[in-house]
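Observations on the three-dimensional arrangement
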Amino acid sequence: MKFVDEYRSEEHARAFLEAIQRTITRPWTLMEICGGQTHTLLKFGIDELLPREITLVHGPGCPVCVTPIELIDQAVEIARRPEVLFTSFGDMLRVPGTRSSLLGAKAAGADVRMVYSPLDAVSLARQHKDREVVFFAVGFETTAPANAMAIYEAARLGLRNFSVLSAHVLVPPAMEAILGSPDNIVQGFLAAGHVCTVMGYREYEPIAEKYRIPIVVTGFEPLDLLHGIWMTIAALEEGRWGVENQYTRSVVRDGNLRAAAILEEVFEVCDRQWRGVGSIPLSGYRLARAYERFDAAARFAVATETAPEPSDCIAGLILQGRKKPNECREFGAGCTPEHPIGAPMVSTEGACSAYYLYGRR
Amino acid sequence: MKDKNMDTRRPDSAANHTAVRTAPNAATAAIPASLAGGPVCPAPALEEDAIQMAHGAGGRMMQRLLDSVFLPAFDNPALALQHDGAFLDVESGRLAVSTDSFVISPLFFPGGDIGSLAVHGTVNDLAMCGARPLALTAGYILEEGLPVETLRRIVGSMRSAAAHVGVPIVTGDTKVVDRGKGDGVFINTTGIGVVRAGIRVSPDAARPGDRILLSGTIADHGVAILSVRRGIEFGTTVESDSAPLADLVAGLLDAVGADVRVLRDPTRGGVASVLCEIAASSKAGLRIEESRIPVREEVRGACEILGLDPLYVANEGKCLVIVAPESADAALEAFRRHPLGAAAAIVGEVVADHPGKVVQRSRIGGARIVERLSGEPLPRIC
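Predicted, not measured: the structure shown is a model, and the values here were computed from it.

Quick look at the overall build of chain B
For chain B, the helix and strand inventory stands at 11 helices and 13 strands. Counting over 382 residues, chain B shows a buried share of 49%. Contacts in chain B between residues at least 24 apart in sequence constitute 86% of all its contacts with a sequence separation of at least 6.

Pasting the structure below:
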């Protein structure tokens, strides 16, 4: 397959592995930000091909994993209302809330539908004028522009029966939270290529400077990751810091200006709760004043009672890269994809689910 | 009855099959002739355009539905008797029986429909037992309001699919449920088949050294269904691989029958799930090579975009075989001689290491364990 097979060549993978081996002289700990990158590393067995000096820890870049349980509960309660047609991306549907997941609510009679594009939710609102169509707007900077576009479009069409439950999160504040922690072990970052496709990488430059750390914007194919790891290791070995771009076929320094414009139009930055991590200042989006009328949380004042996170789950430590999934006592025993205790086991993009799925016991 | 797709061929190898004898007086005796493509009587008209509750109530309306839709399509003496059951004559040997219910949405999809799928699914389950199908049953749960024309199309498709395989539908049942309590139509088929002499396939029979074969490209069915499912529609030319495997498997068994250890059709859960089941039952390790697994370009593309792994996506016309090493090449040739096996490949082998586990070597040379599917595969956010 064009534009995929080129980045999965065994010959080139071997060349990168040899280059990494030649460069490295001592142990380093790197964090890949995005859950998609974690999956590529494990699915292609890259983690086991790398020199032993490299420790990879897995970052918080799984939107489903970091969505607080309160928001899931809120989504379930809204979905249960008879007038509501609730729409969501597929992998949000089975995340358990305190009492039920959205799939559970669907089984109990709620009208919950999976959509692949937020604009499909807008179409549903146009088709079902007698229903309240709610879209669960989850995601990092990658997904946010499409979600913003749906809201912008709904406003343009004058739709009164469309709203979103916003659960957007932003990467750079989460990186700062990790680096600012006294327990931080991360020495270099593989930044999320698709987030940077939208946002560019200017905002990472002050972080790299402040914490004197290399940040390499990296893609998602096996060769992208090997290339990004090699660039990070080379910088560390030479004592360099700063932002470098491995994913040049997709990312430019300024990002996608039109996407940034629609984000600016529809959202404003706010503090946000991260599941398993806690509150991070200025790490999320809420609807800007001009679009507040599309806020489902305000439109449907539902009461939820959220139970505290299970205490035997170390999801917070895993999302900050301080523990690996298989270092958890419950991993694979009390906590499996069928009976997840914490969110990283629920989402297909979560680090625990990746470790389980690809047999890293 | 109008049916453009009517295919009247009978597989040649059916005639060579000695394990089944159709007794002269048995109800089944005349079936092959009628299935072999005689003219179909024009169906008596049905007054109603849509299914009503009374069509399942056992009275005149139900009889008219049977006379108008089912009996002319599946025309055979066993069914024509309208007895409470059908008689089948078999000489001796082992029988295989399998049942499957079909609840697919949408009812019509690229490459097939619920009717053809209901025939292929059960015929294939019998084929995986090393059995030639002898007869099928069909049970229908119709939703009130289903257009009669839709039902006719589905039944016509079942007729074509059954005729293609040369298997009669000898008994059936129809029920109607209130509007909103079904998804148009649900179909259950049960099949009875006669197992070929000398064949002993079993999921626990894989032994170290054996080779793993796939009869063709994987994930076609699941991707075709997703491409037309409401909410995910995407433009593609991918068609379902829904097809009867009886003939393909007969060719394989002719070539290397005694050396075939395991036969499975990787439907729901895909190839990965079947491999995990075999590894567990056989207490053996399975190793597969990602680069050798046949996947169509457009199917790979769709899976990349949707965030699905083709190994876990459903197939409806593919067969996974584990065969003794010395017969692997002959098995591959037997597959490739058949139109449904043109893209067949040897994809891996059974090993003594890691018993109970399936390990895939990735394109770039890394290894990972292939686990069973958890829940339904859902497209990812990003």
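A few points about the overall build of chain A
Secondary structure summary: chain A contains 17 helices and 11 strands in total. The C-alpha radius of gyration computed for chain A amounts to 21 Å, which stays within 12% of the reference 21 Å derived for 361 residues, consistent with globular compactness. Considered along the principal axes of its C-alpha atoms, chain A spans approximately 65 × 45 × 45 Å. Taking all 361 residues of chain A together, 55% fall into the buried category. Considering only contacts in chain A between residues 6 or more positions apart, those separated by 24 or more positions represent 77%.

Observations regarding the interface of chain A and chain B
Contacts between the two partners involve 39 residues from chain A, matched on the other side by 22 residues from chain B. Counting residues per element, the ones that place at least two in the side of chain A that touches chain B are α1 (10–23), α2 (35–43), α3 (46–49), α4 (63–66), β4 (111–114), β5 (132–139) and α17 (351–357) of chain A. The residue makeup of the side of chain A that touches chain B, split by class, is 20 nonpolar, nine polar and 10 charged.

As for the sheet that holds strand β2 (residues 54–61) of chain A
All names here are of chain A. Strand order in the open sheet made by the five strands is β2-β1-β7-β8-β9, with parallel pairing throughout. Of all the strands in the sheet, the pair left with one neighbour each is β2 and β9 (242–245). Going from strand to strand, the sheet's axes swing by 25 degrees on average, the running direction of each strand aside. Pairing between strand β7 (residues 188–192) and strand β8 (residues 214–218): four bridges, direction parallel. Bridging across to β8, A191 finds its partner in V217. Of the strands in this sheet, β1 (28–34), β2, β7, β8 and β9 touch helix α12 (residues 222–238), which is tilted by about 165 degrees from β8.

What to know about helix α8 (residues 144–156) of chain A
Residues and elements named next belong to chain A. With 13 residues, α8 should cover 18 Å at 1.5 Å per step; its first-to-last C-alpha distance of 18 Å lies within 8% of that length. Listing the buried residues of α8 in full gives A144, P145, N147, A148, A150, I151 and A154. G158 lies just past α8 and shows a positive phi near 70 degrees.

Section: the nonpolar core
Formed by 128 residues in total, the largest nonpolar core has its most connected members in A79(A), L102(A), L165(A) and A191(A). Considering each element in turn, this core owes the most residues, nine residues, to α12(A). Residues in contact with A79(A), not counting those within four places in the same chain, are V84(A), F86(A), L102(A), A105(A), A110(A) and V112(A). Grouped together as the second largest cluster of nonpolar side chains are 107 residues, L245(B), V249(B), V271(B) and A328(B) included.

Here's the deal with helix α9 (residues 270–282) of chain B
Structurally, the α-helix is built with 3.6 residues per turn, so residues lying three or four positions apart point the same way. Residues and elements named next belong to chain B. Here α9 spans 19 Å end to end across 13 residues, near enough to the 18 Å set by a 1.5 Å rise per residue. Counting buried positions over the 13 residues of α9 gives 10, a clear majority of the element. K283 sits one or two residues past α9 and shows a positive phi near 50 degrees.

Notes on the domain arrangement of chain A
Accessible area lost during the coming together of the parts is what is often quoted as the interface size. Residue and element names in this part refer to chain A. Domain annotation for chain A reports domain 1 (1–309) and domain 2 (315–357). Contacts between the two partners involve 26 residues from domain 1, matched on the other side by 19 residues from domain 2. Those elements that provide at least two residues to the side of domain 1 that touches domain 2 are α2, β2 and α4. Sorting elements by how many residues they give to the side of domain 1 that touches domain 2 places α2 first, with five residues. Across the side of domain 1 that touches domain 2, the residue classes break down as 14 nonpolar, eight polar and four charged.

Some words on the environment of D183(A)
When you line up the elements, D183(A) lands in the loop between α9 (171–180) and β7. In the structure, D183(A) is positioned 137 residues away from Q320(A) in sequence and 9.6 Å away in space, judged by C-alpha atoms.

What counts, and where the lines are drawn
- For every chain, the first residue of the written sequence is number 1, and numbering continues from 1 along that sequence.
- As they are written, the chains are lettered A onward and the ligands numbered 1 onward, keeping that order.
- The model is predicted, so local features are restricted to residues of pLDDT at least 70 and side-chain atom pairs to those at 80 or more, both for listing and for counting; the totals for chains, interfaces and linings are taken over all residues.
- To qualify as a helix, a DSSP run of H or I must reach at least 4 residues; to qualify as a strand, a run of E must reach at least 2; elements of each kind are numbered from the N terminus.
- Once C-beta atoms are placed from the backbone, each residue is buried if 20 or more other C-beta atoms lie within 10 Å of its own, exposed if 12 or fewer, and partly exposed for counts between those two.
- Residues are scored as being in contact if the C-beta atoms we place from backbone atoms lie within 7 Å.
- We take the radius of gyration over the C-alpha atoms and set the globule estimate at 2.2 Å times the residue count to the 0.38 power.
- Note on residue classes: Ala, Val, Leu, Ile, Met, Phe, Trp, Tyr, Cys and Pro are nonpolar, Asp, Glu, Lys and Arg are charged, and everything else, Gly too, is polar.
- The pairing criterion is simple: DSSP has to find at least two bridges between the two strands.
- The axes used here are C-alpha line fits, helices contributing only the stretch in contact, and every angle between their N-to-C directions lies in the interval 0 to 180 degrees.
- Multiplying one less than the number of residues by 1.5 Å gives the expected span of a helix.
- A set of buried Ala, Val, Leu, Ile, Met, Phe, Trp, Tyr and Cys residues, joined through C-beta atoms within 7 Å, is what we mean by a nonpolar core.
- For each domain, the first and last residues come from an automatic or database assignment.

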